[in-house]
Structures are given as structure tokens and as C-alpha cells.
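# Summary of the model geometry
What follows is each chain in one-letter form.
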Amino acid sequence: GSIVQGARARMCESFDDLSAIGEGGRLLIEAVRRAGAGRETCRLTLQEFAATFPGDGLEVLATFRVFLQAVGYAGRRKLRVGAPGTAFLLPDEKLLLALIAAAQGGDNLLLDAYVCWLTRADRRMAVVTIAARALATALGAHGQWLLPPEMPIRDFSSPPLPTRH
């Protein structure tokens with residue numbers, strides 16, 4: 001089965017606008033959404049990868065598929081992705097982009113944090129890290145630098161507020 005679950009048209013005010021993540025990010029999100037909709041070998045995906053990565057489209061697409069397979073192998077659960085063409089990013093989509101952006105930026109601590117959040121706590125984490133770095137390199141070789149989506153960050157510098165029971 002597929003490692004992603006296609007989502008019905010759901011909207012939430014916390015989802016970011018897809019137009020703000022750059023061409024490479026949009027390409028990856030639409031490809032993962034098509035995979036979630038059961039169209040992994042969609043002609044449009046092949047054409048988009050060929051146009052965005054001249055001479056290496058099939059290789060970059062294969063690297064992307066290996067990354068998705070690694071996430072499926074090591075993931076805690078199936079990813080939740082939007083329907084193709086949805087204008088907003090879902091949380092799992094944002095996590096995938098942030099993970100690849102961290103790999104592109106060489107931020108190993110952030111990459112490890114995202115991989116830990118996404119995968120089971122065992123030795124399978126390494127396969128996602130390796131695949132993410134390979135995809136990040138392939139994207140960067142063609143000038144496709146991901147703009148990481150805004151991720152919610154909790155401020156741990158102050159103590160938590162007391163709760164009432």
C-alpha cells in the first residue's frame with residue numbers, strides 16, 4: 001500500500017499558503033499528494049520533474065520516491081497529505097519540507113529533530129536521514145533550494161503556566 005493517505009478537502013487556519021514555499025517545494029508537495037491519491041506514476045509528475053531537473057528528471061524523481069519509501073519504512077504512521085491542487089499545506093507536508101530544508105541547509109540538529117519526530121525510535125531513523133540528504137543534494141544541484149515552511153515553535157525559556165485541576 002501507499003505510505004500516504006489522501007486527505008479530503010480540509011482547511012485549517014494554521015495551514016500555510018502553498019505559494020510561499022518555492023517551486024521545488026510545490027513540486028514535491030504535489031508529487032506526494034498525487035502519490036497519496038494513488039497516482040504515483042502520473043504523467044504530469046514525470047513532466048514536471050523533467051522540466052524542473054533537465055537531464056536528471058527521472059533520477060531526481062527516483063530519489064524522491066526512495067525518500068518516501070524510507071519515510072514509509074521508518075515512519076510512525078502514514079502521512080496525511082492534501083488532495084492534489086489544494087492551496088494549503090497540511091502539518092505532515094510542512095514536516096517533510098522542513099526536514100528536507102534542514103538537510104539542504106546542513107542543520108544536522110534540526111534534521112535529527114525532524115527525523116526523530118517522524119520516525120520510530122529504532123535504527124531505521126538513519127535510512128530517512130540518508131534519503132533526505134540525497135534528495136536535498138539532488139534538489140540543490142538544480143538550484144531548487146527549499147524555503148522551509150513556518151513551523152510552530154514553543155518557547156521553553158520561561159516556566160509553564162500553572163494549571164488548575
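Residues numbered from 1 in each chain as written. Predicted model: local features only at pLDDT ≥ 70, side-chain atom pairs only at ≥ 80, totals over all residues. Heavy atoms only, no water.

## Let's talk about the side chain of Gln-104
Stated precisely, the cut-off is as follows: Numbering of helices and strands starts at the N terminus; helices are DSSP runs of H or I of at least 4 residues and strands are runs of E of at least 2. Think of it in three bands: with a 1.4 Å probe and only protein chains considered, a residue is buried below 20% of the maximum accessible area for its type, exposed above 50%, and partly exposed in between. Definition of a polar contact: a pair of N or O atoms within 3.5 Å, with one able to donate and the other able to accept a hydrogen when the atoms are protein atoms, and with sequence-neighbouring residues admitted only if both atoms are side-chain atoms. In what follows, a contact means two residues having at least one pair of non-hydrogen atoms within 4.5 Å.
If you trace the backbone, Gln-104 turns up in helix α4 (residues 91–104). Take Gln-104: its relative accessible area is 14%, and that puts it in the buried class. Among the polar contacts made by the side chain of Gln-104, one reaches the main-chain carbonyl oxygen of Ala-136 at a distance of 3.4 Å. Excluding residues that lie within four positions of it along the chain, Gln-104 makes contacts with Ala-136, Leu-139, Gly-140, Gln-144, Trp-145 and Leu-146.

## Observations concerning the nonpolar core
Short version of the rule: Residues belong to a common nonpolar core when they are buried Ala, Val, Leu, Ile, Met, Phe, Trp, Tyr or Cys residues joined through side-chain atoms within 4.5 Å.
Ranked by size, the top nonpolar core spans 41 residues in total, and within it Leu-28, Phe-49, Phe-64, Phe-67, Leu-99, Ile-100 and Val-128 carry the most contacts. The set of elements that each furnish at least two residues to this core consists of α1 (22–36), α3 (57–74), β2 (79–81), α4, α5 (108–118) and α6 (125–141). Sort the elements by how many residues they give to this core and α4 lands first, with 9 residues. Beyond its immediate chain neighbours, meaning those up to four positions away, Phe-67 contacts Leu-96, Leu-99, Ile-100, Val-128, Ala-131, Ala-132 and Leu-135.

## Overview of the packing of α4 against α5
Short version of the rule: The angle between two axes is taken between their N-to-C directions and runs from 0 to 180 degrees, where each axis is a line fitted to C-alpha atoms and a helix contributes only its stretch in contact. Orientation is classified from the angle alone, with under 35 degrees giving roughly parallel, over 145 giving roughly antiparallel, 65 to 115 giving roughly perpendicular, and any other angle giving oblique. With the far helix as reference, a near helix turned anticlockwise by less than a right angle produces a left-handed crossing, and one turned clockwise produces a right-handed crossing. Three classes are used: nonpolar for Ala, Val, Leu, Ile, Met, Phe, Trp, Tyr, Cys and Pro, charged for Asp, Glu, Lys and Arg, and polar for all others, with Gly counted as polar.
At a minimum axis separation of 8 Å, α4 and α5 run at an interaxial angle of 150°. Here α4 lies roughly antiparallel to α5, going by the angle between them. Handedness of the crossing formed by α4 with α5: left-handed. Every residue of α5 that contacts α4 at Leu-95, Leu-96, Ala-98, Leu-99, Ala-102 and Ala-103 is listed here: Leu-110, Leu-111, Tyr-114, Val-115, Trp-117 and Leu-118. Of the residues assigned to the contact of α4 with α5, the class counts are 12 nonpolar, no polar and no charged.

Remember that the coordinates give geometry; whether it matters functionally is a separate question.
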